[in-house]
Amino acid sequence: MTTPRIYRGLNRREHAGWIMGLTPVQALVCVLLAVPVLWSISAGRFTEAVILLAISGLIAALVVVPVRGRPAFRWLLHLVLFQVGIFTGWSRWQSKAAAGAAVDPDEPDLPGVLQRVAFPDGPQFRDSGRVCLIHDTGDGRWGATARLTHSGVGMLSDAQCARLANRLGTMLLSLGHREVVDRMSLLVRTVPDDGSEYEVWRGDHEVRDAPHLARQATNELDRTIGNVSVRHEVFVTVSGPEDKLRKPAAAAGGGVEGRALTLYRVLDGLEDPLKALGARTVEWLDGPGMAEALRTGFNPAARAVLATAHERGTGGRGLEKAAAGPTAAPSPSARAYTHDGFTSVSYTALMPEAGTVFGSLGPLLAVRTAGERRTLAIHYEVMDSRRAHRAVQGNRFRSNVMTDWKHSKGFNTTAMDEREAGGVRAQERAVAAGHSVVRFAVAASVTVPSGWNVEDHAARLENDASGRFRLLRLDLAQDSTFVVAVLPVGIGLPRQRGGLL
């Protein structure tokens, strides 16, 4: 699934540069670096000016020139921080249980950015039990996650995909009209089918005196089909900021329970729109369900044990929150993340300026080798009307200023300038007509056992995106990108600093 068709052609970068593609800060740095050079030239010290020009040019290149999505100076800063984390041991992680320390069963033991996330249980939600809340203390957000069963869109016609795209757009628009929720994340995992449920069912229904040839044929079919079988896990996470939840939560009693009751009113109204998108069932996760979603994210092999326990009714209360994380996560390498005997490579997907259509991200989930896992996460944030109007007005002002300046200096506008100006006008008309502005980010990941060559599988994932959109491998931040692409906790969009994505 991807951005709805109604947004096709209206995609814009969130941080477009004002001056020759530079941000105001970058332009100011370049001006300050040019001042000593001009001062030396005006004083007639040409040798000194040449030396200063070389030094200033090098610094300006570090600040301005992008290298795979980041300026060179930021690369150097991230590299220094990465090496400091490895040298000091901050990047290494081991669970308390693996270290022999005492643990609280209801206290999650998670690495990296997940240490800022709490998972309190809310009160009873209809007849579905208690829902596990997701409290991101870093961003000040509260949310909940649901597990969906969905038949997929691979066999649908273009007309059916268009209808689903319109329904997704309608659901995002409805989120923009709500007061407490403004973000939604869709996460899809294509995982190897371990056949646990089938093995339990077969064990309960096996005929003891069946012919030997029938058994042999059945076992051969199980091996042949089971090795290439996959299953899909679909999650949706909705969340809202603390500043919007505070007042209605106080009216509902305050604390965690008040915030949960406020979120429940939104969750109750989301099930029908999700089913209109093709979801057959919507199950809001409780504490054990969330723990299993996190545990299987870190360790795909753990699903077989958990599924078998569920089928046989020996799971008890379910997986404790303390067991949700990995057992160990060594210091991450610059280009991959190792966790519990598996290695993952994660990317962010850069959407084309012309937009995309519903279902075009499907090839990223197509497993090419038996035993690998692929995941895809799409994070949406629906801006309220005030922020949307302010954003499109800022884009229109910038576009008009640049066009007028080029005309005043005698420069011709390029086709790119005309297309950008047309997109700004179309976006402003859409917002004036009542549509919402949606920030979004897309992340993808591939996971294989640590003994495999993960670079081969990463290359296949890049090949599947070739010609459609560009994958940007987030080196030096693979552990954080893994959380964005694999775990259903709603982390994936940075705070807005102005503009649109």
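Structure shown above.
A quick note: this is a predicted structure, and the numbers were derived from the prediction, not measured.

## Topic: the overall build of the chain
Part 1 of the reasoning: Looking only at helices and strands, the chain features 16 helices and 16 strands.
Part 2 of the reasoning: Against the 2.2 N^0.38 benchmark of 23 Å for 501 residues, the chain shows a C-alpha radius of gyration of 26 Å, consistent with a compact globule.
Part 3 of the reasoning: Dimensions of the chain along its principal axes, counting C-alpha atoms only, are 100 × 50 × 50 Å.
Part 4 of the reasoning: Nonlocal contacts in the chain, meaning residues at least 24 apart in sequence, comprise 78% of its contacts between residues at least 6 apart.

## Points about the environment of Val489
Part 1 of the reasoning: Tracing the chain through its elements places Val489 in the segment after α16 (478-486).
Part 2 of the reasoning: Val489 sits in the buried class, given a relative accessible area of 6%.
Part 3 of the reasoning: With 441 residues separating them in the primary sequence, Val489 and Glu48 have C-alpha atoms 55 Å apart.
Part 4 of the reasoning: For Val489, the residues in contact, after removing those within four places along its chain, are Leu114, Phe119, Ile134, Thr237, Leu294 and Val483.

## Details of the packing of aromatic side chains
Part 1 of the reasoning: Inspection of every chain in the model, using the stated rule, returns three aromatic pairs.
Part 2 of the reasoning: Seen in terms of ring centroids, Phe125 and Tyr264 are 4.8 Å apart; in terms of plane orientation they differ by 45 degrees. Their pairing is tilted. Placement of the pair is Phe125 in the loop between β5 (121-124) and β6 (130-136) and Tyr264 in helix α9 (residues 255-268), with a sequence separation of 139 residues. Comparing Phe125 with Tyr264, the two get one shared label, buried.
Part 3 of the reasoning: One aromatic cluster is present, built from ring pairs that chain together Phe298, Tyr337 and Phe482.

## Concerning the pairing of strand β9 (residues 230-241)
Part 1 of the reasoning: With nine of twelve residues buried, β9 is to be regarded as a mostly interior element.
Part 2 of the reasoning: Pairing geometry for strand β7 (residues 141-150) and β9, over eight bridges, is antiparallel. In the strand pairing of β9, Ala146 is matched with Val236.
Part 3 of the reasoning: Here ten bridges tie strand β8 (residues 183-192) to β9, and the two strands are oriented antiparallel to one another. Note on β9: the bridge partner recorded for Thr190 is His232.

## Thoughts on helix α12 (residues 302-312)
For an α-helix the count is 3.6 residues per turn, leaving residues at separations of three or four pointing the same way.
Part 1 of the reasoning: Buried residues of α12: Ala302, Arg303, Leu306, Ala307 and Ala309, and no others. Looking straight down α12, one finds its buried side chains confined to an arc of 160 degrees; they lie on one side. Among the exposed residues of α12, those pointing more than 90 degrees away from its buried face are Val305 and Arg312.
Part 2 of the reasoning: Where α12 is buried, its residues meet α6 (196-205), β9 and α11 (287-298).
Part 3 of the reasoning: Once α12 ends, the next one or two residues include Gly313, with phi positive near 70 degrees.

## A short note on the nonpolar core
Part 1 of the reasoning: One finds Met184, Trp284, Leu364 and Tyr380 to be the most contacted residues of the largest nonpolar core, which totals 60 residues.
Part 2 of the reasoning: Ranked by the residues each element gives to this core, the list is headed by helix α5 (residues 158-176), at seven residues.
Part 3 of the reasoning: Aside from chain neighbours lying at most four places away, what touches Met184 is Leu168, Met171, Leu172, Leu175, Val236, Thr237, Val238, Ile378, His379 and Tyr380.

## What to know about the pattern of salt bridges
Part 1 of the reasoning: Here the structure, examined in full by the defined rule, presents 19 salt bridges.
Part 2 of the reasoning: Of the charged contacts in the structure, one is a salt bridge between Arg116 and Asp139, with a shortest N-O distance of 3.6 Å. One end of the pair, Arg116, is in the loop between α4 (96-99) and β4 (117-118); the other, Asp139, is in the loop between β6 and β7, with 23 residues separating them in the sequence.
Part 3 of the reasoning: Note on Arg116: relative accessible area 29%, which makes it partly exposed.
Part 4 of the reasoning: A single network of salt bridges, built from pairs that share partners, joins Arg335, Glu455, Arg473 and Asp475.

## Focus: the environment of Val64
Part 1 of the reasoning: When you line up the elements, Val64 lands in helix α2 (residues 46-64).
Part 2 of the reasoning: With 69 residues separating them in the primary sequence, Val64 and Leu133 have C-alpha atoms 41 Å apart.
Part 3 of the reasoning: The residues contacting Val64, other than those within four sequence positions of it, are Leu22, Gln26 and Cys30.

## A look at a nonpolar patch on the surface
Part 1 of the reasoning: A cluster of nonpolar residues, Leu38, Ile41 and Phe46, forms a patch on the protein surface that exposes about 320 Å² of accessible area.
Part 2 of the reasoning: Within the secondary structure, Leu38 sits in helix α1 (residues 24-42).
Part 3 of the reasoning: Residue Leu38 is classed as exposed on the basis of its relative accessible area, which comes to 56%.

## Concerning the packing of helix α8 (residues 242-251) against α9
Working note: a packed helix pair is described by the angle between its axes plus the distance between those axes.
Part 1 of the reasoning: Two elements in contact, α8 and α9, have axes separated by 9 Å at closest approach and are oriented at 100 degrees. Between α8 and α9, the angle is such that the two are roughly perpendicular. Across from Glu242, Leu245, Arg246, Pro248 and Ala249 in α8, the residues of α9 making contact are Gly258, Arg259, Thr262 and Leu263.
Part 2 of the reasoning: Class assignment for the residues of the contact of α8 with α9 results in four nonpolar, two polar and three charged.

## Some remarks on unusual backbone geometry
Leaving glycine out, the prevailing phi sign among residues is negative, and the prevailing peptide bond configuration is trans.
Part 1 of the reasoning: Here Asp340, not a glycine, exhibits a phi torsion of approximately 50 degrees, which is positive.
Part 2 of the reasoning: Relative to the assigned elements, Asp340 resides in the loop between β12 (337-339) and β13 (342-350).
Part 3 of the reasoning: Although it is not a glycine, Leu476 adopts a positive phi angle of roughly 70 degrees.

Procedures and definitions
- Residues numbered from 1 in each chain as written.
- Predicted model: local features only at pLDDT ≥ 70, side-chain atom pairs only at ≥ 80, totals over all residues.
- Heavy atoms only, no water.
- Helix = DSSP H or I, 4+ residues; strand = E, 2+ residues; numbered from the N terminus.
- Rg over C-alpha atoms; globule rule 2.2 N^0.38 Å.
- Contact = heavy atoms within 4.5 Å.
- Buried < 20%, exposed > 50% of the residue type's maximum accessible area, 1.4 Å probe, protein only.
- Phe/Tyr/Trp six-rings, centres within 6.5 Å; stacked < 30°, edge-to-face > 60°.
- Pairing = 2+ DSSP bridges.
- Arc of directions from axis to C-beta.
- Core = buried A, V, L, I, M, F, W, Y, C linked by side-chain atoms within 4.5 Å.
- Salt bridge = Lys/Arg side-chain N within 4 Å of Asp/Glu carboxyl O.
- Patch = residues over 30% accessible without salt bridge, like charges linked within 9 Å, V, L, I, M, F, W, Y side chains within 5 Å.
- Areas by Shrake-Rupley, 256 points an atom, 1.4 Å probe, with all protein chains shown as cover.
- Axes fitted to C-alpha atoms, helices over the stretch in contact; angles between N-to-C directions.
- Parallel < 35°, antiparallel > 145°, perpendicular 65-115°, else oblique.
- Nonpolar A, V, L, I, M, F, W, Y, C, P; charged D, E, K, R; others polar.

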